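Architecture at a glance
Single-letter residue listing:
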Amino acid sequence: MSSPSAPDPSRRTVLATGSALGGVLLTSGLTTQATAADHAETTALPADPWRTVLDDADLVWQRMPTTWYEGPFLGNGFLGSGIYAEPGAASTAVRFNVQHSEVQDHRPEFGSLFGLARLPIGYFTLEPVGAITGLDWRLSLHDAELTGTLTTDKGTLTLRALVHNDRSVLAVEVTASAGESGFRWVFHPADAISPRAAFRPLPDGYQGNPPAEVADHDGTTAAVQPLLAGGQHVTAWRERTRSRTRTLYVHVAHSCPKNTALEQALKAVRAADRLPYSALAVTHRAWWHAYYRKSFLSLPDARIQRFYWIQLYKAASAARRDAPVMATSGPWLEPTPWPNTWWNLNAQLEYWLIHGSNHLELDAITRALSEFRDNLANEVTQPYRADSLGIPRTTDPHLVNGAASTLMGYGVGIPGQNPPTPEVGNLTWALHNVWLSYRHTMDKSTLRDVLFPLLRKAINYYLHFLERGPDGKLHLPATFSPEYGGDSRDCNYDLMLLTWGCRTLLEAAELLGIDDVLAPRWREVLAKLVPYPTDANGFVIGADIPFAKSHRHYSHLLAVYPLYEVTGRTPDERALIEKSLAHWVGFEGALQGYTFTGAASMSALLGKGEDALRYLGELMTRFIQPNTMYKESGPVIETPLSAAQSLHDMICQSWGGIIRVFPALPAAWADLAVHNFRTQGAFLLSARRQGGTTRWVRLVSEAGAPCVVRYGIAGSIDVRDGRGRPLRYSDAGDGAIRLALRKGESALITARGDRPDLTVAPVRPNEDAPRWGLPLT
C-alpha cells in the first residue's frame, strides 16, 4: 500500500541526469520523488497504473454463462455467489448461488466427508418477465462488482451486484425498463446434505438434515435450516424499492449448537437495507482499492497478465485470515466429491501467491493451525498424542477429521500399517506454508509461537518410526505418497519433508535461542537419513515403488519444489532434476492442471523461462475455464492460484537466502515491471526490465535481515541508498552482491552511469488477446 507521503500518481517523474538520480528519494508509491531542482522533465501519467491493469483484466460476458466455470463470481472469504443461467431454463432465469465457507454439518461420527462436510445453502433465481435474448456483463476487478444489462423480449434489466467486504451481504441492484418492471426474485433452499452424497455411497446411519423452513419476519424473509447436530444456518433477505430500482439484500449466518443464526441474519439484512446500493459500494470499493495497491505487476503477455490480476481478485474473494482455510472450491460450493479442506496439496497451493503479492492479510493457514492445534493432536492415534501432531488428508475448518475410514474421511495413518492409509506428511507440508509466511515477514512471533512448536511435534511423529538399517542409515517404514497408490518404505514424500523439517527446526532453535533436547536427534537425522531413492529415470516414489505410470501429483519431487532442498547446485544434481521432471510429465493420462504449474515452477528453478512459459501455456489451453476456474470431477480452486505462484517463480525467487531478480523470463517478455513484490527476508522488491535488459532494481528492508541479491544487470553497477548516496556493498559471487540494510532502509541498483526512468508503469503488450469470460470475440 502506498505510504501517506507518496506523490500524486497522476504525475510522473522522468529522471535523465546524474544530479536527478543523486537526489532522488524513492517512496513506497509507484512514482519517484525528487526536489524541483532535480526534475529534468515532468509529464502527465495517462492513468492510475493499477486502474489501467485492472480495467484491462476485467472479465466480460456477451454470451450467457451456463455453469460455475463460465460465470461471474463474487465473495469476501465467507459469503460467495457464482452467477450463471438456471440449468434447464437458460432463457427464463439467472441463478445467483448463495454459499458460505462457515456453513457445515457437525456430526463427526460420519467423518469430514459427510458428517463435517460443507453444506449447500441454496440460490436465488432472477426471473425476468420476458425471455432472455442477450446480456452484456462486466466483472470489475477494481471495484469487485458485477455490472451490466440483461435483455429480454420485453425490455432490459440493468444490474449491479457485490458481496460486501465488511458486512458480508450480497446486494443486487436491478433497474428495470417498463416492460420488465414485474421481474421477480425466488429463493430455492438446497437439501442440507453432504455434496459427496451424489458421488459416493452414504455411511451407514447417515441421513440428510431436515428441510429448511421459510417464513416472513416483519418484512424480512428467512430460510431457517435446522441441523440434526443442533444449531442452524439461516439465509435472510429483503428487497427495497427506490424509484424504478429494486435492491435485494442477502445475508447468511451459521450457529451451532445454539439457534442464534436467525437473529444474526435478520439484524445484518435490516442494517444493510437502510443503505442504498451506492452507499454500500463506497466502503466496499475502498477496501478493494487499497488491497490491490499493495503490489504491482505488468508483463507483455496480455492473456497471462489479465489472468494474474484475476487470481488476486479470486484470492481475496475466497480467503481472509479469519475465514476458514479454503475448501477445494473456495466459498463457492457446487456439487463436488470434495466438500471440505484438502491437505495433501490443495490448501498449500491455494495460499502460495499471498507471499510475493504482498497479501499476508489472507493467511488463514497460519491462523488456523495455531488456533486449532489441540485438534491436531487428536488426529494421531492415542499412543502418540502426548508429543506428536498430524493433519489428515481432509478436515473441516476446525481441523477435525472425524471417523478415520476411506468412506468418511482419511486419517493421518501410522507408518508401516494399513489401514488406515499411512499418509503422514501433510502437516509438515502445511507448516512449510507457515515457514514461508515467517520468512516473508521475519515476524519472530510466527516462528516462536506457531511454526517451531507445531513443527517440533509434526517431526516428532516421524521420529517414533525411524529405524536404523544394516547400511547404518535411518529408514522409514512404508508410508503413502499422495495419489500415486501403494505404500513404500523410504517414501520420498516423507523423506523430503522430514529432511526439510529437521533442518528448519535447527535453524529456528538457533534464531530463538532455544537449547532443545531434541536437537541432537535432528542432527542425526540429517546426517544418517537414507538418501532419496532414485533410479535411471530420476526420483522414484520410494524404495519399493518406481515411478512407472502417469501421476498428476509431484509428491515425489517436493525436495525440488517447493522445498528447494535439491536445487541443481552441481551438474549431477541439475541433471537429476531435469530427468526427473521430464520423466514425470512424460506420462500422459493422469496429468492435471497443477502438474503443469509444478512443472513451470521447477523449470523456473532451473532458469528455463521458455519451458516455464510452455507449461503455463499447456495449463491455459487444456485446463483453465472461461472465468479462470478449474475442475477435476468437480470444482477445485488451487490450480489457477498456484499458476500465479509459478509466474512469481519466473519473476523472482528468494530461496536459500538469495533474492534472484527475473531468474526465468522467456525472451518474449523483454519488458516487465514489478513493484513491492515481497521476498523472503521481508524485502519489498521493485524492478524494471526494458528491451530485454534489467534497468534498475530497488529493495526496501522491512526487518533488517541479511540481504544478498542477484540483480541481473550486466557490467559495473551503481548502488545508492534512499537519498541517492553511494551505498557500500560486497561481492557475493555468481552475479550477486551483499548489502547491509537496516530496517526501513533501501537500495537502488543500476548499471554504472545509467540514469533510468524510475517510474513503474504498465508495459505494452506484445499482442492483443481475448478477455476472460465469454466475449463474442
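Quick look at the structure, then. Just so it is clear, the structure is predicted and the values come from calculations on it, not from any experiment.

**Describing the overall build of the protein**
A tally of helices and strands in the protein yields 18 helices and 40 strands. Against the globule reference of 28 Å for 777 residues, the protein gives a C-alpha radius of gyration of 27 Å, in line with a compact fold. If you line up the protein on its principal axes, its C-alpha atoms span 75 × 75 × 45 Å. Here the protein, with 777 residues, has 62% of them falling under the buried criterion. Accessible area for the protein stands at about 27,200 Å²; split by element, carbon and sulfur atoms hold 50% of it. In the protein, 74 side chains carry a positive charge and 77 a negative one; their mean positions are 4 Å apart.

**Details of the pairing of strand β38 (residues 736–739)**
Across four bridges, the pairing between strand β35 (residues 707–710) and β38 is antiparallel. Across the sheet, residue Cys707 finds its bridge partner in β38, namely Leu739. Examined bridge by bridge, strand β37 (residues 729–733) and β38 share four bridges and lie antiparallel to one another. If you follow Tyr729 over to β38, its bridge partner there is Leu739. The antiparallel hairpin formed by β37 and β38 contains two residues in its connecting segment, where Asp734 sits at a positive phi of about 55 degrees.

**Re helix α15 (residues 571–585)**
The terminal C-alpha atoms of α15, which comprises 15 residues, lie 21 Å apart, in line with the 21 Å expected from a rise of 1.5 Å per residue. By the burial criterion, the buried members of α15 are Leu576, Ile577, Ser580, Leu581, His583, Trp584 and Val585.

**So, the sheet that holds strand β16 (residues 220–226)**
Spatial strand order, β15-β16-β17-β18-β13-β12-β11-β10-β5-β40: ten strands in an open sheet with mixed pairing. Of all the strands in the sheet, just β15 (213–217) and β40 (773–774) have a single pairing partner and so form its edges. Two elements, strand β10 (residues 132–140) and strand β11 (residues 145–152), share eight bridges in a ladder whose sense is antiparallel. Residue pairing across strands places Gly134 opposite Thr151, the latter belonging to β11. Relative to the sheet, helix α4 (residues 261–273) contacts β13 (169–176), β15, β16, β17 (232–242) and β18 (245–255), its axis offset from that of β17 by approximately 20 degrees.

**Here's the deal with the packing of helix α16 (residues 593–605) against helix α18 (residues 638–651)**
Between α16 and α18, the least distance of the axes is 9 Å, while the angle of their chain directions is 10 degrees. Classed by the angle they form, the pair α16 and α18 counts as roughly parallel. Between α16, through Gly593, Tyr594, Thr597, Ala600, Ser601 and Ala604, and α18, the contact on the second element is made entirely by Glu638, Thr639, Ser642, Ala643, Ser646, Asp649 and Met650. Of the residues that constitute the contact of α16 with α18, the class distribution is five nonpolar, six polar and two charged.

**Considering the layout of surface pockets**
The space that makes up the largest pocket amounts to roughly 870 Å³. Along its surface, the largest pocket is lined by 43 residues, and Trp435, Arg439, Trp655, Gly656 and Gln680 are the ones closest to its centre. Secondary-structure elements contributing two or more residues to the lining of the largest pocket are α8 (353–356), α11 (426–441), α13 (492–512), α18, β30 (652–653), β32 (672–679) and β35. In the lining of the largest pocket, the residues fall into 23 nonpolar, 13 polar and seven charged.

**Some points on the sheet that holds strand β7 (residues 79–85)**
Within the open sheet, the five strands sit side by side as β6-β7-β8-β9-β14. Their pairing is antiparallel. What marks the edges here is a single partner per strand, and that holds for β6 (73–75) and β14 (184–189). Across the sheet, the mean angle from the axis of one strand to that of its neighbour is 20 degrees, orientation sign disregarded. One ladder, built from five bridges, connects β7 with strand β8 (residues 94–100); its direction is antiparallel. Across the sheet, the residue bridging to Leu79 is His100, located in β8.

**Some points on the pattern of salt bridges**
Evaluation of the coordinates by the stated rule reveals 38 salt bridges. Salt-bridge contacts for Glu371 lead to Arg367; the nearest nitrogen and oxygen are separated by 3.0 Å. Taken together, the residues span about one helical turn, with Glu371 and Arg367 both in helix α9 (residues 364–371) at a distance of four residues. The exposure class of Glu371 is partly exposed, given its relative accessible area of 49%. Note that Glu745 is salt-bridged to Arg742, the shortest N-O span being 3.0 Å.

**Thoughts on the side chain of Thr394**
Looking at where Thr394 falls in the secondary structure, it is placed in strand β21 (residues 394–395). In terms of polar contacts, Thr394 uses its side chain to reach the side chain of Ser112, at 2.6 Å.

**Quick word on the packing of aromatic side chains**
The final tally for this structure, using the stated rule, is 39 aromatic pairs. Ring centres 5.2 Å apart and planes at 55 degrees place the aromatic pair Tyr384 and Phe465 in the tilted group. In this pair, Tyr384 is assigned in the loop between α10 (373–378) and β21 and Phe465 in the loop between α12 (444–463) and β22 (467–468), connecting sequence segments 81 residues apart. The two residues Tyr384 and Phe465 agree in class, both being buried. The residue whose ring lies beneath Arg660 is Trp655, and the NZ or CZ to ring-centre distance is 3.6 Å.

**Points about the environment of Gly542**
Counting through the fold element by element, Gly542 comes out in the loop between β27 (538–539) and α15. Residue classification places Gly542 among the buried positions, given a relative accessible area of 4%. Between the C-alpha atoms of Gly542 and His556, which are 14 residues apart in sequence, the distance is 8.0 Å. Excluding residues that lie within four positions of it along the chain, Gly542 makes contacts with Ser488, Arg489, Asp490, Cys491, Asn492 and Pro533.

Definitions and limits used
Residues numbered from 1 in each chain as written. Predicted model: local features only at pLDDT ≥ 70, side-chain atom pairs only at ≥ 80, totals over all residues. Heavy atoms only, no water. Helix = DSSP H or I, 4+ residues; strand = E, 2+ residues; numbered from the N terminus. Rg over C-alpha atoms; globule rule 2.2 N^0.38 Å. Buried < 20%, exposed > 50% of the residue type's maximum accessible area, 1.4 Å probe, protein only. Areas by Shrake-Rupley, 256 points an atom, 1.4 Å probe, with all protein chains shown as cover. Lys, Arg positive; Asp, Glu negative; His and termini not counted. Charge placed at Lys NZ, Arg CZ, Asp CG, Glu CD. Pairing = 2+ DSSP bridges. Expected span 1.5 Å × (residues − 1). Contact = heavy atoms within 4.5 Å. Axes fitted to C-alpha atoms, helices over the stretch in contact; angles between N-to-C directions. Parallel < 35°, antiparallel > 145°, perpendicular 65-115°, else oblique. Nonpolar A, V, L, I, M, F, W, Y, C, P; charged D, E, K, R; others polar. 1 Å grid on protein atoms, 1.4 Å probe; cavity = no way out; pocket = protein on both sides within 12 Å on 5 of 7 lines; lining within 4 Å. Points joined across faces, edges and corners; volume = space filled by probe spheres on them. Salt bridge = Lys/Arg side-chain N within 4 Å of Asp/Glu carboxyl O. Polar contact = N/O pair within 3.5 Å; in protein donor to acceptor, adjacent residues only side chain to side chain. Phe/Tyr/Trp six-rings, centres within 6.5 Å; stacked < 30°, edge-to-face > 60°. Lys NZ or Arg CZ within 6 Å of the ring centre and 35° of its normal.

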